[in-house]
Amino acid sequence: MLSVKALFTEYPNERGETVKAAQDVSFDVPEGKLFTLLGPSGCGKTTTLRSIAGLERPRSGEISIGERVVYSSGRNIFVAPNRRNFGMVFQSYAIWPHMSVFKNAAFPLEVASARVNRAEIDRKVMRVLGTVGLDHLASREATKLSGGQQQRLALARALTMEPKLLLLDEPLSNLDAKLRERMRFELKRLQRELRLTTVYVTHDQGEALALSHEIAVMNEGRIVQIGAPRDIYERPHNRFVADFVGSANFLEATVIGRDDRADIYQVQTAIGNLLAFAVEPLKPGDGVVISLRPEDTQLSAHRPDTLNAFEGVVEAKLFLGEFIEFQIKLGDMLMLARVHPSFSPQVGTKVYIGMNPEKCVAIPDDARHRKA
Amino acid sequence: MSGLAESAAGAAARQSLWQRLDLKWAVIGVSVAIVAYFALVPLVFLFWQSFFTPQTATKAAEFTLDNYGKAYSSLETARLFINSLQFATGVAIFAFTVGTLLAWMNERTNTPFKALFFSLSIIPLVIPGILFVVAWIFLGSPKIGIINLVLQNWFGTKYVFVNVYSIWGMIWVEGLHYSPMAFLLMTAAFRSMDPAMEESAMMSGANILQVAWRITLKLSWPAIFATILILFVRSIESFEVPALLGLPVGIEVFTSSIYRAIHQYPSQIGLASSYAVTLLLITSVGVYFQSRLSSQGNKYSTMTGKGFRPRTIDLGRWRYAAAAVFFGYFLLIVVLPFLVLLWSSFQGFYSVPSMAALKNLTLDPYRFIFSYPTLAQSVWNSLILALGSATVIMLVTSVICWIVVKTKIPGRWLLDNLASLPMVFPGLVLGLSIMIFYLYFDVGVYGTIWIMFAAYITRFLPYGLRYNTTSMLQIHKELEESAQMSGASWATSFRRIILPLLKPGLLAGWIYIVIVSIRELAASILLYSPGTEVVSIVIWELWENGQYVELSALGVLFIIALFILVMLAQYVGKKFGIKEAR
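About the cut-offs
Along each chain, residue indices are assigned from 1 in the same order as the chain's sequence is written. Chains carry letters and ligands carry numbers; both start at the beginning, A for chains and 1 for ligands, and go up in the order they are written. Restriction of local features to residues with pLDDT of at least 70 applies here, the model being predicted, together with a cutoff of 80 or more for giving and counting side-chain atom pairs; totals for whole chains, interfaces and linings are based on all residues. Values reported for side chains reflect all heavy atoms of the structure, with hydrogen atoms and water molecules removed beforehand. Whether two residues are in contact is decided by their heavy atoms, any of which lying within 4.5 Å being enough. Salt bridges are defined as contacts in which a side-chain nitrogen from Lys or Arg sits within 4 Å of a carboxyl oxygen from Asp or Glu. Definition of a polar contact: a pair of N or O atoms within 3.5 Å, with one able to donate and the other able to accept a hydrogen when the atoms are protein atoms, and with sequence-neighbouring residues admitted only if both atoms are side-chain atoms. The helix and strand labels rest on DSSP assignments: H or I over at least four residues marks a helix, E over at least two residues marks a strand, and numbering proceeds from the N terminus. Joining through side-chain atoms within 4.5 Å is the link that ties buried Ala, Val, Leu, Ile, Met, Phe, Trp, Tyr and Cys residues into a set, and such a set is a nonpolar core. Buried, partly exposed and exposed residues are distinguished by accessible area as a fraction of the type maximum, computed with a 1.4 Å probe on protein chains only: under 20%, between the cut-offs, and over 50%, respectively. Here the limits of each domain have been adopted from an automatic or database domain assignment. Using a 1.4 Å probe, buried area is obtained as the accessible area two parts lose upon being combined, added over both of them. Orientation is described by lines fitted to C-alpha atoms, with helices fitted over the stretch in contact, and by angles between N-to-C directions that extend from 0 to 180 degrees. To sort the angles, those under 35 degrees are grouped as roughly parallel, those over 145 as roughly antiparallel, those from 65 to 115 as roughly perpendicular, and the leftovers as oblique. For a helix, the expected span equals 1.5 Å multiplied by the number of residues minus one. Working definition for bend: take the seven residues up to and ending at a residue and the seven starting at it, fit an axis to each, and measure the angle between the axes.

## Looking at the interface of chain B and chain A
Counting from both sides, the interface comprises 31 residues of chain B and, opposite them, 38 residues of chain A. Along the contact surface separating chain B from chain A lie 2 salt bridges. Of the charged contacts, one joins arginine 496 of chain B and glutamate 110 of chain A as a salt bridge, the two residues approaching to 2.7 Å between their closest N and O atoms. Connecting chain B to chain A are 9 residue pairs in polar contact (both at pLDDT 80 or more). Taken together, the elements giving at least two residues each to the side of chain B that touches chain A come down to helix H1 (2-49), helix H21 (477-485) and helix H22 (490-519) of chain B. The element best represented in the side of chain B that touches chain A is H1 of chain B, accounting for 10 residues.

In structure tokens form, the structure reads like this:
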């Protein structure tokens, strides 16, 4: 459906340096799917979204939706944003304060090149407002809406034009935490029900994991990994992804050899030998980094009879309600462990930390590669 | 199949691009052309003219450097320079001191009635410069001045206590006239300051005066400097006070000399131009420093988004003294001038208030004014000029400031500077250069109302730009982008999104320009001809003819009309400003 090929954008910043905002960004979004661009601020995700929207003109690349090319550097095509027929929800919602709720939502139909008659506008707008649950507020001034309602209105406005593609630029980042959680569910329900092809931009990994069919993690203008949410979380391809999506412990390691099981390797680390999982085949002597999520650790008072178990000392602990976070000292290393509050050893006591080999993901060591 | 569809889409894209560019670039092009024409043309011809000899019936103008030679070598010019500097510096310091003291009392102390005072602070705007000066002549002239007569009566002497026809009198009148501006500028500076800075000084054990001197004033340094510069530039380019108070006793400054050079026979336009170029250089330096100051004020950045007001300082019993200062000030700049005009407007011929004169009250001056032959025409001219220039300026600058604020078109800073350029033109200099231009390029504009229209547009262009820019900066760019994403073309989103959101700034700027155009005198005085007089010119003519009581009657009516206009502005501002202030 949406296809972005080799997108490249650069622009000068305030100091006159060239910023490579997007480099070789390519991806496809199948019809009806929600695709997320995830990354820290300045990674190029918003530039990519704005290029799809037509609000920015990239240096080179090609963007097409179905059969229609909206941008191509090679053929010198650039369709103006107002002729692309993409719906967009902005980070600030961009609700026009001088119009009522109805007027805001009706605007795309009123300015459409194909004239829509009054009754038709009424019918369409009220249906969309109904979908987002704002039909009872249609005549209200837009500025009198709460944050969550403004967010829904922005969505309704993007939907009234029955867009081929929906673009969402951090739509939930301006809401408070509780409302954000609720809107997450609602957004997901709407997207799935209407089967809208959607590109979603966020820096919040929780949102990305919760909403997406597929996620592209971006860093420094490049896509570093594309995959389904579970893949991204459980099988990060590199240190950046493991670190940015969720939190992770990292252990530098050297491959010793293959285990009997598929994709499991024996590696040597500072805290001892352990078993780890790898997607790409590894050979003995390879330098890797083992990534382990804090919630994938098991703490116990007695040595468990599993593999990958080590003895450590509780260095510090934080009670966070749903769980407790421990810093466990293993030799010179500090490991982060997240466990249910039912197990709560004192600071300074001896504990055993167990790691499931499936969850210890061996990834290429970017840092060491760079040094070499 | 797919290739065909793509090329069709491509063709459609190219065509739509062409359509989109069409109107957008036409509007932008026209706006830029208007600004460039109005801002640059007068400047260029002023320079050009300053190198020519006067044109007379027998002799054509010739190229010469004599104007500058004469302007810069004579002792006369040195005196002119010193007078101007003394006058402008005196006014700036006096107005700044008064304005700052009042602003501080109003913002930081618990002086009674200060809310009332603040809402009254806009009233001085309604008294045009020429009427203010005339009123102060009635009050402070050595022969007929009420103040002198009252004091002489009390003490039984013939001693002249006050004399407005002196450099100190000029500074006093002009300083009072500009002090509301200093008050408003310093109030804004005090309001934008983070109150925590003063509160922490208070907590460190500083007393009221130490806080005011060592924290409040020191932190406002950029604002103070900018305010003094503005006051200096405004007073060095002011015309009414030097012409009415200085010329009769031979105290000349640049503006009055320019006026005199033109009004002798043959007109010394070249000499006037070289004076004008000098004056322009002085004001340019002032405006340049002021703009640099406001663009790099970050070091002192005291702006915070915090909405709370600072704790006010308790003056104790002194607060009544402070209130008395407020009332005294208000008496000097509004009540006394207006009352003296009102008094003289009911007299058959001008006489000092007394029981005897009270019996001579008459409506004759008003009858005279209403039957004055050019009155209806001049009111009509003033209205047409004010409404027309305000509308054109606000619409043109809305496009200009959209380009400057919202786009990344290269060279947009140049456009911004170009539209701000008229700021350096004193009204008289602007009038002079426009006069020269249309005199030499006869396109049928000279001697018509259009030449004044051109002058007003040029003169008030920077104000329109400033009001629009303030408003434009508050419009989030996503508001416009979301209109684009909704399928709106540039023209549609400008008309339906940008202009409505700009409304508070548009309206405020429009009303301000209407008011200042109606009061305008300095540029009009060189450009009017029979049939194109405006109200302020009629007042000027009455003064020249010595028709003081008639002038007073017209002045009273004029002030009342402006007062209604200002109240209307306040009302409109409240109604539209607050709702869309987000």
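On we go from here.
## Focus: the nonpolar core
Core analysis: the largest hydrophobic core is formed by 207 residues, its most contacted members being Leu2 and Leu167 of chain A together with Ile258 and Leu432 of chain B. Taken domain by domain, the makeup of this core includes at least three residues from each of domain 1 (14-53 + 363-582) and domain 2 (76-302 + 321-345) of chain B. Among all residues touching leucine 2 of chain A, those that are not within four sequence positions of it are Phe27, Asp28, Val29, Ile52, Ile63, Ser64, Ile65, Leu165 and Val199 of chain A. Residues Val128, Leu145, Leu153 and Leu211 of chain A belong to the second largest nonpolar core, which totals 36 residues.

## Some words on the domain arrangement of chain B
All names here are of chain B. Here chain B is described as being made up of domain 1 (14-53 + 363-582) and domain 2 (76-302 + 321-345). Domain 1 and domain 2 are separated by 25 Å when their C-alpha centres are compared. Facing the 42 residues of domain 1 at the interface are 41 residues of domain 2. Both faces considered, domain 1 and domain 2 share a buried interface measuring about 3800 Å² in area, 79% of it formed by carbon and sulfur atoms. It is Arg519, Trp543 and Ile559 in domain 1 that bury the most area against domain 2; as a group they hold 16% of the surface buried on that side. Run the count over domain 1 and domain 2 and you get 0 salt bridges. In this assembly, domain 1 and domain 2 are joined by 4 residue pairs in polar contact (both at pLDDT 80 or more).

## Some words on the pattern of salt bridges
Residue and element names in this part refer to chain A. Per the stated rule, a full pass over the model turns up 24 salt bridges over all chains. Ionic pairing is found between arginine 75 and glutamate 62, a salt bridge with its closest N-O pair at 4.0 Å. One end of the pair, arginine 75, is in the loop between strand E5 (68-72) and strand E6 (77-78); the other, glutamate 62, is in strand E4 (residues 60-65), and 13 residues separate them in sequence. Of the residues examined, arginine 75 reaches a relative accessible area of 36% and is grouped as partly exposed. Each of Glu120, Arg123, Lys124, Arg127 and Glu162 takes part in salt bridges that share partners, so that together they form one network.

## A few points about the environment of serine 351 of chain B
Residues and elements named next belong to chain B. Looking at the secondary structure, you find serine 351 in the loop between helix H14 (318-345) and helix H15 (355-358). When the C-alpha atoms of serine 351 and isoleucine 144 are compared, they prove to be 8.0 Å apart, with 207 residues separating the residues in sequence. The residues contacting serine 351, other than those within four sequence positions of it, are Trp343 and Ala357.

## Points about the environment of threonine 255 of chain B
Residues and elements named next belong to chain B. With respect to the helices, strands and loops of the structure, threonine 255 is situated in helix H12 (residues 254-262). Taking the relative accessible area as the measure of exposure, threonine 255 reaches 0% and is therefore buried. If we ignore the near neighbours within four places in the chain, the residues touching threonine 255 are Ile236, Glu237, Ser238, Phe239, Pro242, Leu279 and Leu428. Separated by 2.9 Å, the side chain of threonine 255 and the backbone oxygen of serine 238 make a polar contact.

## Concerning the packing of helix H5 (residues 129-140) of chain B against helix H6 (residues 146-155) of chain B
Residue and element names in this part refer to chain B. In contact at an axis separation of 4 Å, H5 and H6 are set at 15° when each is read in the N-to-C sense. Judged by the inter-axis angle, H5 sits roughly parallel to H6. Between H5, through Trp136, Phe138, Leu139 and Gly140, and H6, the contact on the second element is made entirely by Ile146, Ile147 and Asn148.

## Let's talk about helix H7 (residues 167-191) of chain B
Residues and elements named next belong to chain B. An ideal rise of 1.5 Å per residue puts 36 Å on 25 residues; H7 measures up with 35 Å between its terminal C-alpha atoms. A maximum bend of about 35° is found in H7 at tyrosine 178, where proline proline 180 lies one to four positions downstream. With respect to burial, H7 is a largely interior element, 18 of its 25 residues being buried.

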